[in-house]
Structures are given as structure tokens and as C-alpha cells.
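# Structure at a glance
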Amino acid sequence: MRSMHKLVVVELLDGLRWFIALAETEQVTAASDMLRISQPTLSRRLARLERDLGGELFERHGRRLELNDRGRILLEHARRASAELTAARQEIAAFDSPDRGTVRLGFLHSFGTWLVPGVLRDYRQRSPRVSFALYQDAATTLVDRVVAGRDDLAFVSPRPRSTLVHWTPITHQRLALAVPAGHPLGEYTTVDLTAAAGESFIGMHEDYGMRRILDDLCAAAGFVPNVVFESSELATIGGLVAASLGVAVMPWQEPHTWPDGVTLVPLRGAGRDIGVVWASGRPLAPAASRFLEFTVRAHAPVDVGEPTETAPEKVTDV
């Protein structure tokens, strides 16, 4: 199929090239020399084109050709079409090469400060001619875009429940309870989520992966969280926590992005698996397939976000 596409594009480009050459040189002899085809062949092509379009495209002045109104209209469109077909030919050629082309990659907003920049930096050192079209959104939207073919791959967490995508883990991130500065739970080195059962929670909207994680963790701890605020940005949630409007479950990886006044306490045994998804039953383009292979091989499995801060000796676990 791809070979057929290439053939069609080449034939269309060839037809446009000789008409544009005729229009610009205004001579069959000069155009045939430029195109390296015989004058009779070029004359026959022009006659056939004029028959197909239902009228002459040039005024004949001996051996010189001059575009008429019909010809000027065709030349304007032919130049635009030639540029578009040339771009299409280049894209088709890139599609067949794993070292060129564009990878359409979706990811969660919270991955934009650490995971995605690191993966892309490492991959571009290996394949500098591959480009990326990036898209950020909620986990459910990212999965839908991959299923629909709008994106090739997406970094999401937790593992999607959809059977329309494949998923493989690439890293694991520890989770923490975010509390306002001075909150009693902020004095502990680690904490069980049951200790926050009576707190007001600030969470992501329901179609976001972190909200599903919050609900699942609370269910495992035996309570339903009292969610008083919802947001689509973890940074906003951090700001609301700092304002003492509630507590939240957040990734340990990103304390540097939260405003002053937020204390992160690692949740005992809690983390999120981060993985990459691609559509079931549809082959990836070579560039996307090579990037997927590299990501899985180079980044799985590792554990990020282990706390490095040392708590005071007098503090005990909850």
C-alpha cells in the first residue's frame, strides 16, 4: 500500500513539474531540455491536458507559449499542489524510516516536568532526526486519542481498564500525603492513609488517573474520601493544600513544584505504576515502534521518587 502511495505521488508530481516548466520557460524546447524528455512527448502531454480541461492553456506565438487566463489559474493551483505533494512524499518517506518521522506522544500534565523531558532527551541523542508532537490531558482522554489514532503512544497512570490498548509499565513512583505546614500528620516520617480518614480531601477530577488512585487507595483503607475541591492540575491542588483547605494524595517525585506551605509525608506501601499505551490491533509507524522499544528497554523497571530527606529522630511512624 505504501509503495502504491509513493507511485501515485511521483506520477502527480511529474505531471505538475512539466506543466510548471512549460509555463515558466514559455517554450517546448527549453522545457523538454530541462525535464529531459522529448519535445513530441511534451507536446502530446500538453495537448492531452488541454483536452481533459476543455480548453487551451497557452496562446501560441510561433515557438513561444504564453499563458492565457485558464493557464494562469492552473499554474497558481499547480504550484500549491506541487508543494503539498512534495511534502507528502517527504512524510511518506519518513514514515518508512524508524530514524525519521514524527512520534505523536500524549502524557499526563504531571509527567511534563520530569518523565517526558528525560525520555525525549535520551532518545533524541540516539535519533536526532525524529520529531515529536506532544499532547497533555487526562488519562481517559489520552487513551481515547490513542484508540482513535490521533496519538501513537501515551504515558499514563494507572493502568487503563480499556481492552482497546496495550499497556506496559516503565517506572514506579512513590506517593505521599500532602498536608499544610504545621499539620499534625506532617510530623511523621511515613503514614498510613487510614490516619487521614477524617480529613477533607482535595482531588483531581474523576477522569484523571490520580483521582482513580485516590479513590482506590481510600477504598483499600476502608473509607470514602470527603472531597471538598476538585481540580485538573496538581499544582492547583498543592496551592489549595498550602492554604489549609484540605489534604491530598500526590506524587513524591514533585515536591519542588509545590508552593511553600505544603508538607509531603510518604504513604506507607503506596505508589503508582506509570506505563505507556498503544492501540491494540493497529501497527505502529516505524518511528513510533522504535521509540516504544527504546522507552521500555531503557526505562523499565525503575523506581523513582524515593524520599531522601531524613526525619527527626524523635518522630515515629503512624
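Residues numbered from 1 in each chain as written. Predicted model: local features only at pLDDT ≥ 70, side-chain atom pairs only at ≥ 80, totals over all residues. Heavy atoms only, no water.

Turning next to the overall build of the chain. The helix and strand tally for the chain stands at 9 helices and 11 strands. Burial status across the chain gives 42% buried among its 318 residues. Looking at the chain as shown, the accessible area adds up to about 16700 Å², and 51% of this sits on carbon and sulfur atoms. (Helix = DSSP H or I, 4+ residues; strand = E, 2+ residues; numbered from the N terminus. Buried < 20%, exposed > 50% of the residue type's maximum accessible area, 1.4 Å probe, protein only. Areas by Shrake-Rupley, 256 points an atom, 1.4 Å probe, with all protein chains shown as cover.)

Consecutive residues of a regular strand have side chains that alternate between opposite faces of the sheet. Relative to strand E2 (residues 64-67), strand E1 (residues 58-61) is paired through 4 bridges, and the arrangement is antiparallel. In the sheet register, histidine 61 faces E2, and the bridge partner there is arginine 64. Here E1 folds back onto E2 in antiparallel fashion, the turn holding 2 residues, of which glycine 62 has a positive phi close to 65°. (Pairing = 2+ DSSP bridges.)

Take the environment of serine 244 next. Among the secondary structure elements, serine 244 is positioned in the loop between helix H8 (234-242) and strand E9 (248-251). When the C-alpha atoms of serine 244 and valine 262 are compared, they prove to be 9.1 Å apart, with 18 residues separating the residues in sequence.

With 12 residues, helix H5 (residues 115-126) should reach 16 Å at 1.5 Å per residue; the first-to-last C-alpha distance of 17 Å fits that figure. Those residues of H5 lying buried are Leu115, Val116, Gly118, Val119, Leu120 and Tyr123. (Expected span 1.5 Å × (residues − 1).)

Moving on to H8. Along H8, the residues that are buried comprise Leu234, Ile237, Gly238, Leu240 and Val241. In a view along the axis of H8, the buried residues occupy a sector of 165°, so they form one face of it. For H8, the secondary structure elements touched by its buried residues are strand E6 (165-180), strand E7 (200-204), helix H7 (209-221), strand E8 (226-231), E9 and strand E10 (262-279). Serine 244 sits one or two positions beyond H8 and adopts a positive phi of about 65°. (Arc of directions from axis to C-beta. Contact = heavy atoms within 4.5 Å.)

Per the stated rule, a full pass over the model turns up 14 salt bridges. With a shortest N-O distance of 3.7 Å, arginine 64 and glutamate 26 are connected by a salt bridge. Separated by 38 residues along the polypeptide, arginine 64 in strand E2 and glutamate 26 in the loop between helix H1 (2-25) and helix H2 (28-35) bring together distant segments of the chain. For the salt bridge of aspartate 192 with arginine 268, the shortest nitrogen-to-oxygen distance reads 2.6 Å. With aspartate 192 in the loop between E6 and E7 and arginine 268 in strand E10, this pair connects stretches of sequence that are 76 residues apart. When salt bridges that share partners are traced, they join Glu26, Arg64 and Glu66 into one network. (Salt bridge = Lys/Arg side-chain N within 4 Å of Asp/Glu carboxyl O.)

With the rule as written, the count across this model stands at 7 aromatic pairs. An angle of 70° between the planes, with centres 5.0 Å apart, marks the rings of phenylalanine 132 and phenylalanine 291 as edge-to-face. Within this pair, whereas phenylalanine 132 is found in strand E4 (residues 131-136), its partner phenylalanine 291 is found in helix H9 (residues 286-299), the two being separated by 159 residues in sequence. A single burial state applies to phenylalanine 132 and to phenylalanine 291, both of which are buried. Taken together, the ring pairs in this structure connect Tyr123, Phe132, Phe291 and Phe294 into an aromatic cluster. Above the plane of the ring of tyrosine 135 lies arginine 145, whose end atom (NZ or CZ) is 3.6 Å from the centre. (Phe/Tyr/Trp six-rings, centres within 6.5 Å; stacked < 30°, edge-to-face > 60°. Lys NZ or Arg CZ within 6 Å of the ring centre and 35° of its normal.)

One can describe the packing of H2 onto helix H3 (residues 39-53) by two numbers: an axis separation of 9 Å at closest approach and a directional angle of 110°. If you check the angle between H2 and H3, you find them roughly perpendicular. Residues Val28, Thr29, Ala31, Ser32 and Leu35 of H2 lie in contact with H3, whose contacting residues are Gln39, Leu42 and Ser43. A breakdown of the residues in the contact of H2 with H3 according to their chemical character gives 4 nonpolar, 4 polar and no charged. (Axes fitted to C-alpha atoms, helices over the stretch in contact; angles between N-to-C directions. Parallel < 35°, antiparallel > 145°, perpendicular 65-115°, else oblique. Nonpolar A, V, L, I, M, F, W, Y, C, P; charged D, E, K, R; others polar.)

Moving on, we come to the confidence of the model for the chain. Confidence in the prediction for the chain averages 84 pLDDT; 84% of positions are at 70 or higher. Confidence over residues 1-9 falls short of pLDDT 50; this stretch has 8 contacts with residues more than four positions distant or in other chains. Across residues 301-318, confidence stays below pLDDT 50; counting only partners more than four residues off in sequence or on other chains, it has 38 contacts. (pLDDT = per-residue confidence, 0-100.)

This paragraph deals with the pairing of E8. Judged from the 5 bridges that link them, E7 and E8 form a sheet pairing that is parallel. Within E8, the position partnered with isoleucine 202 by the bridge is phenylalanine 229.

Moving on, we get to a nonpolar patch on the surface. On the surface, a cluster of nonpolar side chains totalling about 230 Å² of accessible area is made up of Val228, Phe229 and Leu245. Tracing the sequence through the fold places phenylalanine 229 in strand E8. Judged by relative accessible area, phenylalanine 229 falls into the partly exposed class, the value being 36%. (Patch = residues over 30% accessible without salt bridge, like charges linked within 9 Å, V, L, I, M, F, W, Y side chains within 5 Å.)

So, about unusual backbone geometry. Note: most residues except glycine have negative phi, and most peptide bonds are trans. Cis geometry marks the peptide bond from serine 157 to proline 158; its omega dihedral reads 0°. Along the chain, proline 158 turns up in the loop between strand E5 (153-156) and E6. One non-glycine residue, serine 244, adopts positive backbone phi at about 65°.

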